[in-house]
Structures are given as C-alpha cells and as structure tokens.
Amino acid sequence: MTSYVDEQVQARIAAARRKIEQKKRRRAELAERRRYGLQARHAAKMRRWDKGAS
C-alpha cells in the first residue's frame with residue numbers, strides 16, 4: 001500500500017520526466033529548423049555568387 005506522500009512524490013517525478021521529454025523534443029525541433037535555415041541561407045548565398053560570376 002502506498003501512502004499519500006509516496007503518490008505525490010511519484011506524481012512529481014512523472015511530471016519532471018514529462019517536462020524533460022518536452023524540452024528534448026523542443027531542442028530537437030529547433031535544431032532541425034536551424035539546420036534547414038543554414039542550408040537555405042547557404043543555397044541563397046551560392047545563387048548570389050553564381051549571379052555575380054556570370
């Protein structure tokens with residue numbers, strides 16, 4: 001049998017784990033967007049260089 005305190009502790013641990021997972025997911029999404037943005041900026045730079053060379 002678990003006590004009220006044990007249940008509260010377990011609930012807080014579960015909430016902390018959810019929060020950590022949300023942060024990990026958010027960081028992964030931002031990293032993906034950043035990577036895409038860097039690729040897009042590089043491609044735009046290469047297009048500008050091609051226009052300047054011709």
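Here is a short report on the structure shown in this document. Since this is a predicted model, take the numbers as computed values, not measurements. Note on numbering: residues in each chain are counted from 1, in written sequence order. In keeping with the predicted nature of the model, local features appear solely for residues at pLDDT of at least 70, side-chain atom pairs appear and are counted solely at 80 or more, and the whole-chain, interface and lining totals rest on all residues. Based on all heavy atoms of the structure, the side-chain values leave hydrogens and waters out of the count.

Structural notes on the overall build of the protein chain
Thought 1: Helix and strand content of the protein chain: 1 helix and 0 strands.
Thought 2: When we talk radius of gyration, it's over C-alpha atoms, and the globule rule is simply 2.2 Å times the number of residues to the 0.38. Here the C-alpha atoms of the protein chain give a radius of gyration of 23 Å, more than 25% beyond the 10 Å that 2.2 N^0.38 yields for 54 residues.
Thought 3: Seen through its principal axes, the protein chain has C-alpha atoms that stretch 80 × 10 × 5 Å.
Thought 4: Relative to its 54 residues, the protein chain shows a buried fraction of 2%.
Thought 5: Within this scheme the basic residues Lys and Arg register as positive and the acidic residues Asp and Glu register as negative, but His and the chain ends are omitted. Lysine's charge is taken at NZ, arginine's at CZ, aspartate's at CG and glutamate's at CD. Taking the 17 positively charged and 6 negatively charged side chains of the protein chain as two groups, their mean positions are separated by 10 Å. Elements are defined by DSSP. Helices are runs of H or I of four residues or more, strands are runs of E of two residues or more, and each kind is numbered from the N terminus. A 1.4 Å probe rolled over the protein chains alone gives each residue an accessible area, and that area as a share of the maximum for its type sets the label: buried under 20%, exposed over 50%, partly exposed in between.

Remarks on the pattern of salt bridges
Thought 1: The term salt bridge refers to a side-chain nitrogen of Lys or Arg lying within 4 Å of a carboxyl oxygen of Asp or Glu. According to the stated counting rule, one finds 2 salt bridges in the structure shown.
Thought 2: Between K24 and E21 there is a salt bridge, with its nearest N and O atoms 3.9 Å apart. With K24 and E21 both in helix α1 (residues 4–53) and 3 residues apart, the pair spans about one turn of that helix.
Thought 3: With a closest N to O distance of 2.9 Å, R35 and E32 form a salt bridge.

Focus: a positive patch on the surface
Thought 1: Each patch is built from residues that are more than 30% exposed by relative accessible area and take part in no salt bridge. Like charges join if they lie within 9 Å; nonpolar side chains (Val, Leu, Ile, Met, Phe, Trp, Tyr) join within 5 Å. The Shrake-Rupley method, run with a 1.4 Å probe, gives the accessible areas here. Residue values count only the displayed protein chains as cover. A cluster of basic residues, K45, R47, R48 and K51, forms a positive patch on the protein surface.
Thought 2: Assignment of secondary structure puts R48 in helix α1.
Thought 3: Take R48: its relative accessible area is 54%, and that puts it in the exposed class.

Brief notes about the environment of E29
Thought 1: Here E29 is to be found in helix α1.
Thought 2: As a C-alpha pair, E29 and I13 span 16 residues in sequence and 24 Å in three-dimensional space.

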